[in-house]
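# Understanding the architecture of this molecule
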Amino acid sequence: MGKKIKITDTILRDAHQSLLATRMTTEEMLPAAEMLDQVGYHSLEMWGGATFDSCLRYLNEDPWERLRKIRAKIKNTKLQMLLRGQNLLGYRHYPDDVVELFVKKAIENGIDIIRIFDALNDVRNMEKAIEVTKKENAHAQGTVVYTISPVHNTEHYISTAKKLEELGCDSICLKDMSGILTPYYAYELIKKLKETVKIPIQLHCHYTSGMAGMTYLKAIEAGVDIIDTAISSLALGTSQPATETMVAVLKDTQYDTGLDLKLLAKIADHFKKVRQKHNPSNLLMGVDANVINYQIPGGMLSNLAAQLKQQNALDKFEEVLKEVPKVREELGWPPLVTPMSQIVGTQAVLNVVLGERYKMIPNEVKNYVKGLYGKPTVPIKPEMKKKIIGDEKIFEGRPADLLEPELEKLTKEVGMFAEKEEDILSYALFPQVAMKFLQERQAKKYKIDYNLINGDTEETKVYPV
């Protein structure tokens, strides 16, 4: 017997992160907020991922203010965010004191559900965020990152899900960031997950390869509880399957979502106008079947192209695509999701552009091999270790155990520019970008030239880091 399928809509986070480079502003979201609240979604994903960075860096917005404004308009629907475990929303591991305060403040400002993931599926990097989320009475969703490799098998996913359930997670998300989960394997995997864990299972796929709608259907037949979709005007391509399509497909079946297609159409109209503002040519990325061969997420493909363009080496793109799986294997098969996608991708670009493999090795690659990001899926071969870090020792513990508390130091650094604890957290994640934002905010308030605050008459180039 089937059951009503619940839907999380990603329109306010992953949909525009995937298709509009995360450039949708709060003002463009708010007119649709009340309509979104009436739909009856399981949740609305609207914070985390790249939204925090983009607000500060490109939109001159306070991400905390966005959360509060949306919370004020959306009274009945749960608000959800994506958090990179001990990385929070930045690109390095943060000490426990920063993680604790961040999670606490996210919940205090209006987040109900936190989807917590780690690029290596190393649950030790998710422990602290899960613990604080539970302590603050919010919903902790543990994430199993899906990828394809000789060692990422059903057993690996099941054991990760089990560990997350034991840590007290309220639900599990299977996250297919590249859109490579095939329909029949999804059926098998979801079925096994449902037999193994007692908590709800949510499925998050990207449409990149063109399979995600079919994958959702098989996952629903296997007993999945919740699926992630995006309103149609910002769906497909590297985004999620369209909400209306899935609602229509399940209508009048045992899985009927009960959502109103007329209301969804009105919401789609609003976001269609927003899309046209950011993407007037209506250029939505089509299906890219290459992802099936290389397992490289859409965002990583554009990143690799940008790196090669900088080096005047775009002609080597195909070569780099072939190099990525080799580097990935040599580094113990990490899933290609932030920050591992950047680490593997940069090394692959260097190997190809310099014409000699591992001639130049970035610090991030060395730190990863030293165990500072967590445990590789399979141990890295001794000859690779030797090549990358020589005779240096590998750290086997939880990476964050090496970090000293930082809040006190950060509070001093940001000084008079912080009006509240949230400002200190913004500074912790993106020191230069946040400092510039906070200084300009203060300057506007007191109508002074913020460059003078720094004792600098021309435009300030350096902010405290």
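So, a few notes on the structure that sits alongside this text. (Residues numbered from 1 in each chain as written. Predicted model: local features only at pLDDT ≥ 70, side-chain atom pairs only at ≥ 80, totals over all residues. Heavy atoms only, no water.)

## Let's talk about the overall build of the chain
- In terms of helices and strands, the chain carries 21 helices and eight strands.
- Relative to the compact-globule value of 23 Å for 465 residues, the chain shows a C-alpha radius of gyration of 22 Å, a close match.
- Within the chain, contacts between residues separated by at least 24 positions form 74% of all contacts whose residues are at least 6 apart in sequence.
- If you sum the accessible surface of the chain, you get close to 19500 Å²; carbon and sulfur atoms cover 52% of it.
- Seen as two clouds, the 62 positive and the 63 negative side-chain charges of the chain have centres 2 Å apart. (Helix = DSSP H or I, 4+ residues; strand = E, 2+ residues; numbered from the N terminus. Rg over C-alpha atoms; globule rule 2.2 N^0.38 Å. Contact = heavy atoms within 4.5 Å. Areas by Shrake-Rupley, 256 points an atom, 1.4 Å probe, with all protein chains shown as cover. Lys, Arg positive; Asp, Glu negative; His and termini not counted. Charge placed at Lys NZ, Arg CZ, Asp CG, Glu CD.)

## Some points on the environment of Ala 222
- Looking at the secondary structure, you find Ala 222 in the loop between helix H9 (212-221) and strand S8 (226-229).
- Residues within four places of Ala 222 in sequence aside, it is in contact with Tyr 187, Ile 190, Lys 191 and Lys 194.

## Brief notes about empty space enclosed by the protein
- A complete count under the given rule lists one cavity of 30 Å³ or more for this structure.
- Its volume calculated, the largest cavity comes out at about 40 Å³.
- The wall of the largest cavity is formed by Asn 87, His 93, Asp 118, Ala 119, Leu 120, Pro 339, Met 340 and Tyr 373. (1 Å grid on protein atoms, 1.4 Å probe; cavity = no way out; pocket = protein on both sides within 12 Å on 5 of 7 lines; lining within 4 Å. Points joined across faces, edges and corners; volume = space filled by probe spheres on them.)

## Examining the layout of surface pockets
- Put simply, the second largest pocket is a space of about 490 Å³.
- Breaking the lining of the second largest pocket down by element, the ones donating at least two residues are helix H7 (154-166) and helix H16 (363-369).
- The biggest single contributor to the lining of the second largest pocket is H7, with four residues.
- For the lining of the second largest pocket, the class distribution of residues is ten nonpolar, eight polar and six charged. (Nonpolar A, V, L, I, M, F, W, Y, C, P; charged D, E, K, R; others polar.)

## A closer look at the side chain of Asn 121
- By secondary structure assignment, the location of Asn 121 is in the loop between strand S4 (113-116) and helix H6 (127-135).
- Among the residues examined, Asn 121 registers a relative accessible area of 7% and is labelled buried.
- Residues within four places of Asn 121 in sequence aside, it is in contact with Met 126, Thr 143, Val 144, Val 145, His 156 and Thr 160. (Buried < 20%, exposed > 50% of the residue type's maximum accessible area, 1.4 Å probe, protein only.)

## Some remarks on the sheet that holds strand S2 (residues 43-48)
- On the basis of which strands lie adjacent, the closed barrel formed by eight strands has the order S1-S2-S3-S4-S5-S6-S7-S8 and parallel pairing. Strand after strand, the sheet turns through a mean of 30° between neighbouring axes, direction not considered.
- As judged from the five bridges shared by strand S6 (residues 171-176) and strand S7 (residues 201-205), these two strands associate in the parallel manner. Residue pairing in the sheet places Ile 172 in a bridge with Ile 201 of S7. (Pairing = 2+ DSSP bridges. Axes fitted to C-alpha atoms, helices over the stretch in contact; angles between N-to-C directions.)

## Points about the nonpolar core
- Ranked by internal contacts, the top residues of the largest apolar core, which has 107 residues, are Trp 47, Leu 83, Phe 102 and Phe 271.
- If you tally residues by element for this core, the top one is helix H5 (residues 96-108), at seven residues.
- Leu 321, Ile 361, Tyr 368 and Tyr 373 belong to the second-largest nonpolar core, a separate cluster that totals 36 residues. (Core = buried A, V, L, I, M, F, W, Y, C linked by side-chain atoms within 4.5 Å.)

## Points about helix H8 (residues 183-196)
- Spanning 14 residues, H8 covers 20 Å between terminal C-alpha atoms, matching the ideal 20 Å at 1.5 Å per step.
- Of the positions making up H8, those classed as buried are Pro 183, Tyr 185, Ala 186, Leu 189, Ile 190 and Leu 193. Each buried residue of H8 sits inside an arc of 145° when the element is viewed along its axis, so together they form one side. Exposed positions of H8 whose direction lies more than 90 degrees from the buried face are Tyr 184 and Glu 195.
- Where H8 is buried, its residues touch H7, S6, S7 and H9. (Expected span 1.5 Å × (residues − 1). Arc of directions from axis to C-beta.)

## Brief notes about the packing of aromatic side chains
- A full pass over the atoms with the stated rule returns ten aromatic pairs.
- Considering the side-chain rings of Tyr 91 and Phe 430, the 6.2 Å spacing of their centres and the 65° angle between planes classify their relative orientation as edge-to-face. Of this pair, Tyr 91 sits in the loop between strand S3 (78-83) and H5 while Phe 430 sits in the loop between helix H19 (421-429) and helix H20 (431-446); the two residues are 339 residues apart in sequence, bridging distant segments of the chain.
- For Tyr 91, a relative accessible area of 40% puts it in the partly exposed group.
- Judged by its relative accessible area of 4%, Phe 430 falls in the buried class. (Phe/Tyr/Trp six-rings, centres within 6.5 Å; stacked < 30°, edge-to-face > 60°.)

## Section: the packing of helix H14 (residues 317-330) against helix H15 (residues 340-353)
- Packing of H14 against H15 leaves a shortest axis separation of 8 Å and a crossing angle of 120°. As far as their axial angle goes, H15 and H14 are oblique. H15 is crossed by H14, and the crossing has right-handed handedness. Residues Glu 319, Val 320, Glu 323, Val 324, Val 327 and Arg 328 of H14 pack against Val 344, Gln 347, Ala 348, Val 349, Asn 351 and Val 352 of H15.
- The residue makeup of the contact of H14 with H15, split by class, is seven nonpolar, two polar and three charged. (Parallel < 35°, antiparallel > 145°, perpendicular 65-115°, else oblique. Left-handed = near helix turned anticlockwise from the far one by under 90°.)

## Regarding the pairing of S4
- The alternating pattern of S4 places Ile 113 and Arg 115 and Ile 114 and Ile 116 on opposite faces, both of which are buried.
- In this sheet, S4 lies alongside S3 in parallel orientation, the contact comprising four bridges. When the bridges of S4 are listed, Leu 82 appears paired with Arg 115.
- One crossover worth recording links S3 to the parallel S4 by way of H5, and it is right-handed.
- In the sheet, S4 pairs with strand S5 (residues 139-145) via four bridges, with the strands oriented parallel. If you follow Ile 113 over to S5, its bridge partner there is His 139.
- Following the backbone out of S4, through H6 and into the adjacent parallel S5, one traces a crossover that is right-handed. (Right-handed = clockwise from strand over helix to strand, strands pointing away.)

## Here we look at the pattern of salt bridges
- All chains considered together, the criterion is met by 33 salt bridges.
- Between Glu 61 and Arg 66 there is a salt bridge, and its shortest N-O distance comes to 3.3 Å. Note on accessibility: Glu 61 and Arg 66 belong to one class, buried.
- Arg 398 is paired through a salt bridge with Asp 96; the nearest N and O atoms lie 2.5 Å apart. (Salt bridge = Lys/Arg side-chain N within 4 Å of Asp/Glu carboxyl O.)

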